[in-house]
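# Structural overview for review
Each chain is listed here by its residues.
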Amino acid sequence: MSGGPAAAVRVDEARLTGLVEQLARVGAQPGGGIIRPLYSPAWREAQDMVAAFMADAGFDVREDAVGNVFGRLSGDVDEPVVLTGSHIDTVVHGGAYDGALGVLSAIVAVQACAAASGMPRRTVEVVSLCEEESSRFPANYFGTRSILGLVGADEPEQLVDAEGVTLADAARSVGLDPARFGEASRDDFDSFLELHVEQGRTLVDSGLEIGIVDVITGLVWVEVVVEGRTDHAGATVMTNRRDALQGAARMVAAVESVALQEGHPAVATTDVVRVYPGGANIVPGRVEFTIDARHSDSAVLDRMLTAMREHCEAIAAERGVEVTVRALKETPPRDLDAGLRSVLRQAADACGASWRDLPSGAGHDSQTMGTRVAAAMLFVPSVDGRSHSPAEYSTPEDCARGASVLATALHAHAWAPLSAE
Ligand code: GLV
Ligand code: MN
Ligand code: MN
């Protein structure tokens, strides 16, 4: 890692903006927003487009066994690869920047470094990760986990989408062979740098240009199932009901109160509510809903989960319904690499960009990469802090400034001569 002052490397703003606009058309919905679920036709088109951008930039391009796309510039020293990039899958009606900006910024950043200094000293690869969001299957960080060899052997056949399609069948539909998924695993890189939009308001509110992430929040996804009793909506008196939805509604409110009581940065969101059997004239017999709860301190997150469970059980007892509360997945908080964060700070200074350290309330591939390699992230401002929404937007100037900071950091990390170590 370079110890000396970083020399600024600037990216071409118009080129980055053009790439963002082109990729944003893939999976764009008539009513607004982008939908690119893992292994869908739009996902396939997006990865092919990114591969073409990488080839245009002069990189050696390959796709791995799970559909991660890599663009490589080979270095001349025998040191671990430096990886940079993000993801191109989206949430439902997501924006054009979440993930995509990190992939496209990495392409223009590496290209700018090569234009400034020729081939790198250390091999650099840009990666377009195939699935970060749980865009289709409850399988977030699937691309990253595949690279790190962290995917469970039964996941491809066990995980199903809302239509009951297995992840394995979905992969086959885009020409991938699940029997070869294990081939995506690699251990030849030691660092990961990811640019992302902030997705919150810290930078816009503080009037600063770059965020350098110190910790990524811990997250738990929970499924709550409430079992009551179906009855006739007209003939069953109000005092003789076991209405699963009335119980669930109070649980949903209790989940919010737990996060509010804990205070910032605790957050909790309830979603994916399914009511059975469904019908205006039937007292609901079963309700399923999800909780997404987050905190950057795992002890607090555990405490939140316990409180939510206790509230749900107390409400169920009070209302004569049954409840089960089951954790679907947990991702612990992750401190990012101090050395790479320092490279990012120096790069921001070299670019004349104002910056601050900040935590990430969103989950990111860096969180999982950081379990094995040195990982660091920089944020660019999100206008109005909007994200996971068609309203997500970052200005071309902010995107290009962030990509220049990324380029400068990559240059210091992978191009700088050994004498600068
Ligand atoms: C990913 O975007 C997440 O934080 O849910
Ligand atoms: Mn996201
Ligand atoms: Mn993202």
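Quantities reported herein were computed from a predicted structural model and do not represent experimental measurements. (Residues numbered from 1 in each chain as written. Chains lettered and ligands numbered in written order. Predicted model: local features only at pLDDT ≥ 70, side-chain atom pairs only at ≥ 80, totals over all residues. Heavy atoms only, no water.)

Looking now at the coordination of the manganese ion (ligand 3). Those protein atoms acting as donors to the manganese ion (ligand 3) are His87 (NE2), Asp98 (OD) and His196 (NE2), and they sit at 2.0 to 2.2 Å. For the pair the manganese ion (ligand 3) and the manganese ion (ligand 2), the metal-to-metal distance amounts to 3.6 Å, and Asp98 bridges them. With His87 in strand β3 (residues 81-87) and Asp98 in the loop between β3 and α3 (100-117), the pair connects residues that are 11 residues apart, well separated along the chain. Of the two residues, His87 and Asp98, neither departs from the other in class, the shared state being buried. (Donors = N, O, S within 2.8 Å, 3.2 Å for Na, K, Ca; no water. Helix = DSSP H or I, 4+ residues; strand = E, 2+ residues; numbered from the N terminus. Buried < 20%, exposed > 50% of the residue type's maximum accessible area, 1.4 Å probe, protein only.)

Okay, the coordination of the manganese ion (ligand 2) next. The manganese ion (ligand 2) binds to the protein through Asp98 (OD), Glu133 (OE), Glu133 (OE) and His388 (NE2), with metal-donor distances spanning 2.1 to 2.5 Å. Taken in sequence order, the residues that donate to the manganese ion (ligand 2) follow the motif D-x34-E-x254-H. The class for Asp98 is buried, based on a relative accessible area of 6%.

Around ligand 1, the structure places Glu132, Glu133, Arg294, Ala362, Gly363 and His388. For ligand 1, an oxygen atom lies 2.9 Å from a polar atom in the side chain of Glu133. Contacts to ligand 1 include His388, whose side-chain N or O atom sits 3.1 Å from an oxygen atom. Relative to its unbound accessible area of 190 Å², ligand 1 is 89% covered by the protein chains. (Near = heavy atom within 4 Å. Polar contact = N/O pair within 3.5 Å; in protein donor to acceptor, adjacent residues only side chain to side chain. Areas by Shrake-Rupley, 256 points an atom, 1.4 Å probe, with all protein chains shown as cover.)

Take the nonpolar core next. By size, the foremost hydrophobic cluster in this structure holds 81 residues, and its most contacted members are Leu23, Tyr39, Leu101, Ile107, Phe142 and Leu167. Setting aside anything within four residues of it in sequence, one finds Leu167 in contact with Leu38, Tyr39, Phe137, Ala139, Phe142, Pro156, Leu159 and Phe181. Among the nonpolar cores identified, the runner-up in size contains 28 residues, and Val222, Ala248, Val258 and Phe289 belong to it. (Core = buried A, V, L, I, M, F, W, Y, C linked by side-chain atoms within 4.5 Å. Contact = heavy atoms within 4.5 Å.)

Our focus in this paragraph is the pattern of salt bridges. Across all of its chains, the model carries 24 salt bridges by this definition. Notably, a salt bridge pairs Glu288 with Arg274, separated by 3.1 Å at the nearest N-O pair. With a gap of 14 residues between them, Glu288 in strand β11 (residues 286-295) and Arg274 in strand β9 (residues 267-276) connect regions that are remote in the sequence. Owing to a relative accessible area of 11%, Glu288 belongs among the buried residues under this scheme. Under the relative-accessibility criterion, Arg274 is labelled partly exposed at 38%. A salt bridge links Arg401 to Asp398, with the nearest nitrogen and oxygen atoms 2.7 Å apart. Residue Arg401 and its partner Asp398 are both found in helix α12 (residues 396-415); the two are separated by 3 residues, about one turn of the helix. For Arg401, a relative accessible area of 24% corresponds to the partly exposed category. The structure contains a network of salt bridges with shared partners spanning Arg72, Glu125, Arg186 and Asp188. (Salt bridge = Lys/Arg side-chain N within 4 Å of Asp/Glu carboxyl O.)

As a further point, take the packing of helix α1 (residues 13-24) against α12. The geometry of α1 relative to α12 is characterised by a closest axis approach of 9 Å and an angle of 110 degrees between their N-to-C directions. The orientation of α1 with respect to α12, classified from their angle, is roughly perpendicular. Each of Glu13, Leu16 and Thr17 in α1 lies in contact with α12, whose residues at this interface are Pro396, Glu397, Cys399, Ala400 and Ala403. Grouping the amino acids of the contact of α1 with α12 by side-chain chemistry returns 5 nonpolar, 1 polar and 2 charged. (Axes fitted to C-alpha atoms, helices over the stretch in contact; angles between N-to-C directions. Parallel < 35°, antiparallel > 145°, perpendicular 65-115°, else oblique. Nonpolar A, V, L, I, M, F, W, Y, C, P; charged D, E, K, R; others polar.)

Turning next to helix α10 (residues 338-350). Taking 1.5 Å per residue as the helical rise, α10 with its 13 residues ought to reach 18 Å, and the 18 Å between its terminal C-alpha atoms agrees with that figure. Where α10 is concerned, the buried positions are Leu340, Arg341, Val343, Leu344, Ala347 and Ala348. End-on view of α10: buried residues confined to an arc of 155 degrees, all on one side of the axis. Away from its buried face by more than 90 degrees, α10 exposes Ala338 and Asp349. Those residues of α10 hidden inside the fold are in contact with β5 (189-197), β6 (210-216), β14 (355-360), β15 (374-380) and α12. (Expected span 1.5 Å × (residues − 1). Arc of directions from axis to C-beta.)

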